[in-house]
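# Architecture and fold: a report
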Amino acid sequence: MTALRDAFLSAAVALGLFGPMVGLVTVSSDHGLFLRARPIAVAVIVGLVFFGRLGMLTWRGRNRAEATRANRAFAERITRAGKYVTPVLLLAALALPFSGSRYYVDLGTLVLTYIMLGWGLNIVVGLAGLLDLGYVAFYAVGAYSYALLATTYDLGFWTCLPLAGILAGCAGVTLGFPVLRLRGDYLAIVTLGFGEIIRIVLNNWVSLTNGPNGITGIPRPTLFGLRFSMDGGDGTFAGFFNLEPATIQRVIFLYYVILGLALLTNWVSLRLRRMPLGRAWEALREDEVACRSLGINVRNTKLTAFGIGAMFGGFAGAFFATRQAFISPESFTFIESATVLAIVVLGGLGSQLGVALAAIVMVGGLEALRDFLSFLGDQMGSELFSGIASELPLYRMLIFGLALVVMMVLRPRGLVSGRTPGVSMTAPKEIDAELVAQGRS
Amino acid sequence: MTALLSLSGVTAFYGAIQALRGIDLTVEQGEIVTLIGANGAGKSTLMMTICGNPRARSGQILHQGQDITQWPTYEIMRRGIAQAPEGRRIFGRMTVRENLLMGAEVAGRTDIDVLLQQVFALFPRLQERLSQRGGTLSGGEQQMLAIGRALMSRPTLLLLDEPSLGLAPLVVRQIFGAIRELNRTTGLTVLLVEQNAYQALRLANRGYVLVNGSITMAGTGADLLARPEIRAAYLEGGGHA
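Residues numbered from 1 in each chain as written. Chains lettered and ligands numbered in written order. Predicted model: local features only at pLDDT ≥ 70, side-chain atom pairs only at ≥ 80, totals over all residues.

### Focus: the overall build of chain B
For chain B, the count of helices and strands is ten helices and ten strands. C-alpha atoms of chain B, sized along the principal axes, occupy 45 × 40 × 35 Å. By residue count, 51% of the 241 residues in chain B fall in the buried class. (Helix = DSSP H or I, 4+ residues; strand = E, 2+ residues; numbered from the N terminus. Buried ≥ 20, exposed ≤ 12 C-beta atoms within 10 Å, placed from the backbone.)

### Describing the overall build of chain A
A count of helical and extended segments in chain A gives 18 helices and two strands. Counting only residues that meet the buried cut, chain A has 38% of its 441 residues in that class. Long-range contacts, defined as pairs at least 24 residues apart, comprise 73% of the intrachain contacts of chain A with a sequence gap of at least 6. (Contact = placed C-beta atoms within 7 Å.)

### Quick notes on unusual backbone geometry
Here the amide bond leading from B:Asn53 into B:Pro54 is cis, since omega sits at 10°, within 30 degrees of zero. Locating B:Pro54 in the fold gives a position in the loop between helix H1 (43–50) and strand S4 (58–63). Notably, A:Asp154 is not glycine yet its phi reads approximately 60°, a positive angle. Mapped onto the elements of the fold, A:Asp154 is located in the loop between helix H5 (136–153) and helix H6 (157–176).

### Examining the sheet that holds strand S3 (residues 32–37) of chain B
All names here are of chain B. Pairing is mixed in the open sheet, where six strands are placed in the order S6-S7-S8-S3-S9-S10. The outermost strands of the open sheet, each flanked by one partner alone, are strand S6 (81–84) and strand S10 (214–220). Going across the sheet, the axis of each strand differs from the next one's by a mean of 15°, ignoring polarity. Alignment of S3 against strand S9 (residues 206–211), held across five bridges, turns out to be parallel. Within S9, the residue paired with Gly37 across the bridge is Leu210. (Pairing = 2+ DSSP bridges. Axes fitted to C-alpha atoms, helices over the stretch in contact; angles between N-to-C directions.)

### Observations concerning the environment of B:Asp111
Residues and elements named next belong to chain B. Locating Asp111 in the fold gives a position in the loop between helix H3 (96–106) and helix H4 (112–122). Looking at Asp111, the number of C-beta atoms within 10 Å reads 11, which means it is exposed. For the pair Asp111 and Gly9, spaced 102 residues apart in sequence, the C-alpha separation works out to 39 Å.

### Looking at the confidence of the model for chain B
Averaged over all residues, the pLDDT of chain B is 90; the fraction at 70 or higher stands at 97%. At the level of chain-chain contacts, confidence expressed as ipTM amounts to 0.86, with global pTM at 0.82. (pLDDT = per-residue confidence, 0-100.)

### Observations concerning the environment of A:Thr159
Note on placement: A:Thr159 falls in helix H6. Considering only alpha carbons, one finds A:Thr159 and A:Tyr146, 13 residues apart in sequence, at a separation of 9.2 Å.

### Some details on the sheet that holds strand S5 (residues 66–67) of chain B
The pairing of strands in a sheet comes from backbone hydrogen bonds and takes either a parallel or an antiparallel form. All names here are of chain B. Pairing in this open sheet of four strands is antiparallel, and the strands run S2-S1-S4-S5 from one edge to the other. Each edge of the open sheet carries a strand with a single partner, namely strand S2 (17–27) and S5. The pairing of strand S1 (residues 5–14) with S4 spans five bridges and is classified as antiparallel. The partner of Leu7 across the bridge, within S4, is Ile61.

### So, the packing of H5(A) against helix H13 (residues 298–324) of chain A
Helices that pack against each other are described as a pair by the angle of their axes relative to one another and the distance between those axes. Residues and elements named next belong to chain A. Between H5 and H13, the shortest axis-to-axis distance is 6 Å and the interhelical angle comes to 50°. Here H5 is positioned oblique relative to H13, judged by the angle of their axes. Note on packing geometry: the crossing formed by H5 with H13 is right-handed. Seen from H5, the contacting residues are Phe138, Tyr139, Ala140, Val141, Gly142, Ala143, Ser145, Tyr146 and Ala147; seen from H13, they are Ala310, Gly313, Gly314, Phe315, Ala316, Gly317, Ala318, Phe320, Ala321 and Thr322. In terms of residue class, the contact of H5 with H13 is made up of 13 nonpolar, six polar and no charged. (Parallel < 35°, antiparallel > 145°, perpendicular 65-115°, else oblique. Left-handed = near helix turned anticlockwise from the far one by under 90°. Nonpolar A, V, L, I, M, F, W, Y, C, P; charged D, E, K, R; others polar.)

### Comments concerning H13(A)
Residues and elements named next belong to chain A. Here H13 is 27 residues long and its end C-alpha atoms lie 39 Å apart, about the 39 Å a rise of 1.5 Å per residue gives. For H13, the tally of buried residues reaches 22 of 27 residues, placing the bulk of the element in the interior. After H13 finishes, the residue Ala325 shows a positive phi value of roughly 65°. (Expected span 1.5 Å × (residues − 1).)

### Description of the confidence of the model for chain A
In this model, chain A carries a mean pLDDT of 83, and residues with pLDDT of at least 70 account for 85%. In the predicted structure, residues 425–441 of chain A sits below a pLDDT of 50 and forms 30 contacts with residues beyond four places in sequence or in another chain.

### Some thoughts on the domain arrangement of chain B
Residues and elements named next belong to chain B. Along its sequence, chain B is carved into domain 1 (1–80 + 156–241) and domain 2 (90–155). Relative placement of domain 1 and domain 2: their C-alpha centres are 23 Å apart. No other element matches helix H7 (residues 169–186), which puts five residues into the side of domain 1 that touches domain 2. A per-class count over the side of domain 1 that touches domain 2 returns ten nonpolar, three polar and two charged. (Domains from an automatic or database assignment.)

### Some thoughts on the pairing of S6(B)
Residues and elements named next belong to chain B. Where burial is concerned, the two faces of S6 agree: the one with Ile81 and Gln83 and the one with Ala82 and Ala84 are both buried. Taken together, the four bridges between S6 and strand S7 (residues 157–161) define a ladder with parallel strand orientation. Counted as the bridge partner of Ala84 is Leu160 from S7.

### Description of the pairing of S7(B)
All names here are of chain B. For S7, the tally of buried residues reaches five of five residues, placing the bulk of the element in the interior. Along S7, one buried face is formed by Leu157, Leu159 and Asp161 and the opposite face, lined by Leu158 and Leu160, is buried too. Here S7 runs beside strand S8 (residues 189–194); their pairing, made up of five bridges, is parallel. When the bridges of S8 are listed, Leu157 appears paired with Thr189. For the segment spanning S7, H7 and S8, crossover handedness is right-handed. (Right-handed = clockwise from strand over helix to strand, strands pointing away.)

### Digging into the environment of B:Thr95
Relative to the helices and strands, B:Thr95 resides in the loop between S6 and H3. Counting along the chain gives 39 residues from B:Thr95 to B:Gly134, while the straight-line C-alpha distance between them is 5.4 Å.

### Looking at the packing of helix H10 (residues 247–274) of chain A against H13(A)
Residues and elements named next belong to chain A. Relative orientation of the contacting elements H10 and H13 amounts to 175°, with a least axis distance of 11 Å. With respect to H13, the axis of H10 lies roughly antiparallel. Residues Leu254, Val257, Ile258, Leu261 and Thr265 of H10 pack against Phe312, Phe315, Phe319 and Arg323 of H13. Counted by class, the contact of H10 with H13 contains seven nonpolar, one polar and one charged residues.

Below is the structure:
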């Protein structure tokens, strides 16, 4: 009975929220702006909320212990499956361009960029436990470093890539110094501010960055000096291999570049975790006082985490600049930081595979959903679905939020919450995250 | 011969609040020295001040004749001083082995296996739990891990802050037994902070009593145990655990 009342209440809240937001659309016509009502869409959403809430309550009320057990079994299965998921994902990533579809390769490139950013941020947030809400700043520093170096000094992508990484790393250390003594919420706020400062500086330092107009004509990367241009002459990829020049060649090349960069990020973070430095980061996340009492130089440890995390953000930024060939401060808003952080948190802090899966779901999943809905709309000739499909980007944040809430209810420690020890002599004993949280096994 | 550790006139502050008021204390090579006192007397502050966190505002801390008063914490810890901090503070999500390695890496030790074997000889339980997460250990095991972690740097001076905190009497006896054993076989010098005055004074060669940031009494363990004012202040009411 309480479940029913609760479900009604949730439905009422949903009606209040979605009634004006979804139920009314403005339509512009020759005679001005009109309001059009969409009662069916509202009814669908409110119905979903009602039955969703009802189902959730009855499912949970059924048997708490059983639900926990089911959840644990799922966690075990996903941990065991992890061994097979990784090579399958890697093979799929390598094989993706052979699909020949420009759309998929572009989408893959986008997803990989976020995976790389997620892995970079994972070093700072997941390993060292420093909550960074301004990660996009380093992405921006990398992008602008490459764009400015390339357009001003006529340097190539491969020369600028390490420079962009180093500059972003320096920015990371610069941010690190003032926040050394901060923790938790305070740290988050300062990093958030830092991210905004970088964006506002880029926006207003017109003489250097061209302000809101951005930088155009950023050169594309080359493959050992071979350009990917459409003329097909000497010194171009197509000319060298006697191929018909096509844009898809460059798109695929860019895809493999970001795949390589992302794998490099993964490899470096995995290596670091097995080294004293990585272990010191994790120890720092666990207990700063204990670290001090063991003689760890807390300052340097934190600064290296910020620096190395930022460096990978810088690499990704340089790649972003070369892919887009145009950058402006608009690309580096807080929402990017939030997306990357959401990917890291959803994936399970510190888990490499989890981050990759979360990025695929968060970035690729949304695209897939849009495709699916417009497909449904075409098939059924219904305006409702295609309407939702075309508006889906507007609901991005709503879906993000919903996904986060659902995740935090079902798997509060992220998709892949198991943590493999950096060193072990025997086979690791998997212990449920919930029990660890309670401090018992 | 110079003392292993000597403090003279050490004061320390938390902001405007003075926590230590001119502490004079020496620890000789091979001794077990205990520091007893009530809550808030400044025992843990004294431990932390030796480690340079907070830094002593005045006075002098000498380690093997070297003035370490103004050294940064990590430099002090690399001189062969190790601390098992109050509340154990093990790394909960890291395995027992990783916890132990954290103790050794900072001191730049490479003979990890030898060091591990020594810790296992002292606390066999840790070997059984090697690949288990620190946070899943029992309180007593966590304390063993904290001490084992400190020992991994093979220190010349071990600072132990309230190892008996929140542990059952039997486990406390086990841990104190291990400390005595360690001192006897390897000659390790120990500075022990305790509220469990009876056990601590029985274990220690010498003891200091700290009241409101000043040392009010000093003497051998047996001597302090025999004093009526100590009995009245720290031992009445079930101190004989």
